[in-house]
Amino acid sequence: MPLMTVPTLLVMAPGSSALRTLLYFDAGDVNRAVAQGIATMLGVVAMVAGLSAARMVTDPEWIFTRDDPPAIRVPVPRIRRRGN
């Protein structure tokens, strides 16, 4: 099973944006901090979606080939009658 490696730049990019968000909060600029925080989250979501899509396109077995989950059998309780 191959390991998925991601360059360090993809990990550092949201980190610098998140630091900018914290700096805005520290400076008391809440509007810019919230806007920067939203931009940071959108960037993270976009990177995750892009990496997942690239992996699906280049390695179809990663998403489409897997073992079927075992069948789960739920026991049905029986109704017991008293006296009969």
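Residues numbered from 1 in each chain as written. Predicted model: local features only at pLDDT ≥ 70, side-chain atom pairs only at ≥ 80, totals over all residues. Heavy atoms only, no water.

In this section: the overall build of the chain. For the chain, the count of helices and strands is 3 helices and 0 strands. Each helix (α) and strand (β) of the chain, taken in turn from the N terminus, gives the series α-α-α. Burial status across the chain gives 11% buried among its 84 residues. For the chain, the exposed area adds up to about 7900 Å²; of that, 64% sits on carbon and sulfur atoms. (Helix = DSSP H or I, 4+ residues; strand = E, 2+ residues; numbered from the N terminus. Buried < 20%, exposed > 50% of the residue type's maximum accessible area, 1.4 Å probe, protein only. Areas by Shrake-Rupley, 256 points an atom, 1.4 Å probe, with all protein chains shown as cover.)

Moving on, we come to the UniProt feature "transmembrane region" (unreviewed entry) in the chain. Mapped onto this structure's residue numbering, the UniProt feature "transmembrane region" (unreviewed entry) falls at residues 34-54. The straight-line gap between the two end C-alpha atoms of residues 34-54 is 30 Å; of that span, 100% is helix and 0% is strand. (UniProt positions renumbered as here; feature names shortened; annotations may be inferred.)

Its place among the elements puts Arg32 in helix H2 (residues 30-58). At a separation of 2.9 Å, a polar atom in the side chain of Arg32 contacts the side chain of Tyr24. (Polar contact = N/O pair within 3.5 Å; in protein donor to acceptor, adjacent residues only side chain to side chain.)

Once that is clear, we can look at a nonpolar patch on the surface. Taken together, Phe25, Val30, Val34, Ile38 and Leu42 make up a surface patch of nonpolar side chains, about 460 Å² in accessible area. Top element by residues in the nonpolar patch is H2. It accounts for 4 residues. Locating Val30 in the fold gives a position in helix H2. (Patch = residues over 30% accessible without salt bridge, like charges linked within 9 Å, V, L, I, M, F, W, Y side chains within 5 Å. Salt bridge = Lys/Arg side-chain N within 4 Å of Asp/Glu carboxyl O.)

To continue, consider H2. End to end, H2 covers 42 Å across 29 residues, agreeing with the expected 42 Å (1.5 Å per residue, within 8%). Looking at H2, one finds that the buried residues are Ala33, Gln36, Gly37, Thr40 and Arg55. (Expected span 1.5 Å × (residues − 1).)

Let us now look at the pattern of salt bridges. Counted by the stated rule, this structure contains 1 salt bridge. Two residues, Arg32 and Asp29, come together in a salt bridge whose shortest N-O distance is 3.9 Å. Classification of Arg32 as partly exposed rests on a relative accessible area of 48%.

Glancing now at the side chain of Gln36. Locating Gln36 in the fold gives a position in helix H2. Since its relative accessible area comes to 15%, Gln36 is described here as buried. Residues within four places of Gln36 in sequence aside, it is in contact with Ser17, Arg20, Thr21 and Tyr24. (Contact = heavy atoms within 4.5 Å.)

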